[in-house]
Each structure stands twice: as structure tokens, then as C-alpha cells.
Amino acid sequence: MPDPALVVLMGAAASGKSTWASGRYRRVEVVSSDDLRGVVGSGPADLDASGDAFDLLERIVAARLSRGLTTVVDTLGLDADRRLAWRDAARAAGLPAAIVVLDTPGEECRRRNALRDRPVPAPVLAEQVRRAAAARTTVVAEGWDHVEVVSGVAPEEPAVPTRSETGPTEQGLKVVLQLSRFPWGEDPGTWMREMAFAADEAGFAGLALMDHLIQIPQVDSAWQPIPEPWVTLGLVAGLDTRLELGTLCTPVTFRPAGVTAKAAATLDALTGGRAFLGIGAGWWEREHAAYALPFPSARDRLDLLETTIETCRALWAPGTKAYVGERVQLPETTSYPRPAHEVPVIVGGSGERRTLEIAARLGDGCNLPSDAESLPHRLAVLDRHLARAGRTRDDIAITVLDLPVVGRDREDAWARVERLRGRTPAAAFARRTHAGTADGHRRRYEELRELGVGTVFVGVRGLESPDEVHALAGLT
């Protein structure tokens, strides 16, 4: 089902419309004519209140659509004029319009109806069953964006997250947890250890830390902790996990290239070959000024990105001889410990002319935003750079950074949206963060895999505790 969307239910009384909706949507997303009769009349069966109830229903539907919110219309849905008016209203609001047809046999509707406290009169129900059967043949031609016919109305059980083995998921993806905020309270070390253990137990392939000197406004306030990542990864390296460990991304402006090479090599040696280096040109001038670090022009920072990658590779290579390269000259390459394996260098950023060219020529991986609409274009640009460098997609890993809202169920996901959205309208924030359950995000990652993505770095918004990490097992 599209989401957000207008979803119109259609079926006779007792066909299971309300049951179907309650198993899939939050209560506030379902606009029910029966419930509104209970609001403006004596109860859900007060047919004398139907006019007022439908007036109120139309106002609620219009208000929700204007805000881009998923709206489920729970009425009989048998009035074609009303159906098409709702369809048109959804399109005017820029939302897809879906209709769900409850294909429940008349005998079953009559059986359920008989069990109600206030059954629908038998002749009325018979007419509804007849009209529903006739409408099932016409809705397909009404131009809905999505038509779903449902037989059987048992609500879906929520997916139970299960632990995966660390490594590629059944979709062929690796899913790595990225930590960008650190609400560790009075015991930072214990929190960090427990988060790493939880990530390993939940089946994540690795753990990545964001590298900033001041917490960035996209994540939290400036006075919240943001630890030095290589020190923190040293703590995690001493734990008994199978996690791959690294940064996403280290700005080349923070440390001399050789120091970055030494940190990554040391981490790789300590973990027996589980380190990676996510690296980028850096972008935030404020933190450079605050720490008295130079902030060169964009062109110079990208030059430094090339220099840093070349320096790392020179210092990680066997031997101690002098090195003379395109941008780097070293009198010796005495750098021990050597990495335990070839440390993957993942170049972050999506600048089409220069950053992607550097990734294509020098990177083991290229990290891009996870936006499925823009990703194909960026991959096409990367492919052109690869061709000019004499490389192909087989020579570079495609990774993405995804920043979703993940809830245990739909209700929890929307509670998180409300807590995290700030001044952004709820529907816009939910759409941008693909707010939903772990199972829904896993299906979205399958779409990314089909585009060529091999690793998803998941920076779950608002993540605070090991228990919340365990609940993410369905992502892996």
C-alpha cells in the first residue's frame, strides 16, 4: 500500500473493513462513519445522525489530506460519487488514492451481522452485498492509483524481529549501524559497550561512528556529547563482537593524513581485520573555527581528500621504502602496526564533478544518500567516472547512509515522528525519514539492493538505548 495515501474501504456491513484497518493503521488515521455517528449521535448505530456524521467525516478527511497525512475512510464505500470525490481530493493534495475492496461472501457478512448488538436489517444488508458485488467490477476502471482486493479479514500480526547472522542479509545487503548521537548519561563507557553488544546481537554487520567536533544541528544540540571516534572505536575493539568498525565519515581536515592512516591501521590490527575508513572532505566551518583548525576552500579540501587517500595507501603498503606518488612524497613508509587486511576506504559525499570522480578513481567504496529518487542519477554519474578511470562497479562498493525513523509498530513510529520533527510538519518529516517499522524499511532496502547498493549504513533517528537497538533486528 502507498503511504502516505488516501485509503478508501469498500464493502458491505460486517465484511471486515474496520478489522482490516485496525490491524494496519493507527486509530487516529481511520475516519469511521460509525465512530462519528457515536460522536454526534447516540451511538454508532444512530442512523438519524448519519448526515451530521458524514459532514464531519468530510471535514476531517479534507483537513488530513491538506496536511499530507495518511487517511483511511471507513464507510461502506458503495456510493460512487463519494468515492470519486475522495479520489480527486487526494490527488489535489498530492497523495496517491487507494481503494481496498473487502471481498467477503454474503453468507459470512450475514453470520457476523447476526452477532452484533444492533444488526443491520436483513433486507438492507442484502442490498449492500448486492451493490458491493457490482461495485467490485467497476472500481478497477475508476482510475485509482492502487486497488487491493482482500479475502479474509484476520488482522496481520506484527512482524517479530529475529536475529540475523552478522553479514549480508537475505537481500544480499550488509546493514551497518551508524551512531551519531550519544545520550550516555553518567556512564559513557557502559553505554557505549552495551550499544555495541546490542548491535552485534541484533545482527548488524558493523558499527560506524560519526566524526564531528561539535554535535551537528541535524542531529542534536551543540552541547550534547560527540566523542572522538577513533578513541571510542578503540573501546569497542576490545569487546567480543564480530562487528566491522570504522567512521562515517572522517573529515580530512581534522587530522594529518598520516595520523588518520595510523589510527585506521591500529584499529584494524586490534580487531583482526575488521576496520574500515569512511572519509570525506569536511563541510562544517563552525567546528573548524572552534577548534582552531584551518578550513580551506572546497577545491583545496578535495585536493586534501586525494592526498589523504594516497598517503593512507602508501603507509599501509608493505615495506619501509620511500614513496613518490602523484600528490604525495614520503621519505619512508615506516608505519607499524600494519593493517591486518586491506582497509576499505569509503569516500563519502555526492558532489558530481569532483567527489564522485575521486571515489571512482581512488575509493574502495562510495557512500551516497539513500534517496531512491536521486540515487540512479548519482550512480550514472559514478559509472561515467569509473569508465574514465578504467574501472567498473565490480571495483567499488556502493554504500548509502539512511536516516530513518523506526518504530516497533506504526503507532510507535508516529510517536517518534512527533517527538523528533521539531517545527517540520509531521507528514513531511515522516515522508523524509520513511517513518515505519523495521520490516517496512527492510523491504525498502531490497529496492536499494536492486539499484546496486551493497551496504546500508543506518543512522536511526532518536536512537537512545540498547533495548532500542535490539528492536532493530528486523532491519538486518
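Just above, that's the structure.
Overview of the structure. (Residues numbered from 1 in each chain as written. Predicted model: local features only at pLDDT ≥ 70, side-chain atom pairs only at ≥ 80, totals over all residues. Heavy atoms only, no water.)

**A word on helix α7 (residues 188-201)**
Link 1 in the chain: Taking 1.5 Å of rise per residue, 14 residues should cover 20 Å, and α7 covers 20 Å from first to last C-alpha, within 8% of that figure.
Link 2 in the chain: Within α7, burial applies to Trp191, Met192, Met195, Ala196, Ala198, Ala199 and Asp200.
Link 3 in the chain: Looking at the buried side of α7, the elements it contacts are β6 (174-179), β7 (206-209), α8 (229-237) and α17 (466-470).
Link 4 in the chain: Backbone geometry just after α7 places Gly203 at a positive phi near 95°. (Helix = DSSP H or I, 4+ residues; strand = E, 2+ residues; numbered from the N terminus. Expected span 1.5 Å × (residues − 1). Buried < 20%, exposed > 50% of the residue type's maximum accessible area, 1.4 Å probe, protein only. Contact = heavy atoms within 4.5 Å.)

**Things to note about the layout of surface pockets**
Link 1 in the chain: Of the pockets and cavities examined, the second largest pocket occupies roughly 1400 Å³.
Link 2 in the chain: Every residue lining the second largest pocket is counted, 49 residues in all, and those nearest its centre are Met210, Ile216, Gln218, Leu401 and Leu403.
Link 3 in the chain: Residue assignment for the lining of the second largest pocket shows that the elements contributing at least two residues are β6, β8 (244-251), α11 (298-316), β13 (365-369), β14 (397-402), α14 (410-420) and α15 (426-433). (1 Å grid on protein atoms, 1.4 Å probe; cavity = no way out; pocket = protein on both sides within 12 Å on 5 of 7 lines; lining within 4 Å. Points joined across faces, edges and corners; volume = space filled by probe spheres on them.)

**Brief notes about the packing of aromatic side chains**
Link 1 in the chain: Under the criterion given, the structure shown has 6 aromatic pairs.
Link 2 in the chain: With a centroid separation of 5.8 Å and 55° between ring planes, the pair formed by Phe276 and Phe457 is classed as tilted. Placement of the pair is Phe276 in strand β9 (residues 275-280) and Phe457 in strand β17 (residues 455-458), with a sequence separation of 181 residues. Here Phe276 matches Phe457 in class, with each residue buried.
Link 3 in the chain: On the basis of an interplanar angle of 25° and a centroid distance of 5.7 Å, the ring pair of Trp283 and Trp284 is categorised as stacked. (Phe/Tyr/Trp six-rings, centres within 6.5 Å; stacked < 30°, edge-to-face > 60°.)

**Brief notes about the packing of α7 against α8**
Link 1 in the chain: Viewed as axis vectors pointing N to C, α7 and α8 meet at an angle of 60°, and their least axial separation amounts to 10 Å. Handedness of the α7/α8 crossing: right-handed. Residue-level inspection shows Gly189, Met192, Arg193 and Ala196 of α7 in contact with α8, the latter providing Thr232, Leu235 and Val236.
Link 2 in the chain: Each residue belonging to the contact of α7 with α8 can be placed in one class, and the counts come to 4 nonpolar, 2 polar and 1 charged. (Axes fitted to C-alpha atoms, helices over the stretch in contact; angles between N-to-C directions. Left-handed = near helix turned anticlockwise from the far one by under 90°. Nonpolar A, V, L, I, M, F, W, Y, C, P; charged D, E, K, R; others polar.)

**Comments concerning the nonpolar core**
Link 1 in the chain: Leu177, Leu179, Phe204, Leu207 and Trp316 are the most contacted members of the largest nonpolar core, which totals 76 residues.
Link 2 in the chain: In terms of residue count, the dominant contributor to this core is α11 (7 residues).
Link 3 in the chain: Not counting chain neighbours up to four residues away, the residues in contact with Leu179 comprise Trp191, Met192, Met195, Leu207, Ala208, Leu209, Met210 and Leu463.
Link 4 in the chain: By size, the runner-up hydrophobic cluster in this structure holds 21 residues, among which are Leu65, Val73, Trp86 and Leu95. (Core = buried A, V, L, I, M, F, W, Y, C linked by side-chain atoms within 4.5 Å.)

**Side note on the sheet that holds strand β2 (residues 30-32)**
Link 1 in the chain: Within the open sheet, the 5 strands sit side by side as β2-β3-β1-β4-β5. Their pairing is parallel. Only two strands of the sheet have a single neighbouring strand rather than two, namely β2 and β5 (146-150). Here the strands of the sheet are splayed against their neighbours by 20° on average, with no regard to which way each runs.
Link 2 in the chain: Pairing of strand β1 (residues 6-10) with strand β4 (residues 97-102), which is carried by 5 bridges, proceeds in the parallel orientation. Its bridge partner being in β4, Leu6 is matched across the sheet by Ala97. (Pairing = 2+ DSSP bridges.)

**Notes on a nonpolar patch on the surface**
Link 1 in the chain: A contiguous nonpolar patch, built from Val140, Val147 and Val149 and spanning about 250 Å² of accessible area, is present on the exposed surface.
Link 2 in the chain: Along the chain, Val147 turns up in strand β5.
Link 3 in the chain: What makes Val147 partly exposed here is its relative accessible area of 33%. (Patch = residues over 30% accessible without salt bridge, like charges linked within 9 Å, V, L, I, M, F, W, Y side chains within 5 Å. Areas by Shrake-Rupley, 256 points an atom, 1.4 Å probe, with all protein chains shown as cover. Salt bridge = Lys/Arg side-chain N within 4 Å of Asp/Glu carboxyl O.)

**Digging into the pattern of salt bridges**
Link 1 in the chain: This structure, assessed with the given rule, holds 34 salt bridges.
Link 2 in the chain: For the salt bridge of Glu228 with Arg255, the shortest nitrogen-to-oxygen distance reads 2.7 Å. Of the two residues, Glu228 is situated in the loop between β7 and α8 and Arg255 in the loop between β8 and α9 (257-271); the sequence distance between them amounts to 27 residues.
Link 3 in the chain: Residue classification places Glu228 among the partly exposed positions, given a relative accessible area of 32%.
Link 4 in the chain: Note on Arg255: relative accessible area 14%, which makes it buried.
Link 5 in the chain: Within the structure, one salt-bridge network assembled from shared partners comprises Asp303, Glu306, Arg327, Arg354, Glu357 and Arg361.

**Quick notes on the packing of α9 against α11**
Link 1 in the chain: Closest axis-to-axis distance for the α9/α11 pair is 9 Å, and the angle between their directions is 50°. The orientation of α9 with respect to α11, classified from their angle, is oblique. The hand of the α9/α11 crossing is right-handed. From α9, Ala257, Gly258, Ala261, Ala264 and Ala265 reach across to α11, where they touch Thr308, Thr311, Cys312, Leu315 and Trp316.
Link 2 in the chain: Of the residues that constitute the contact of α9 with α11, the class distribution is 7 nonpolar, 3 polar and no charged. (Parallel < 35°, antiparallel > 145°, perpendicular 65-115°, else oblique.)

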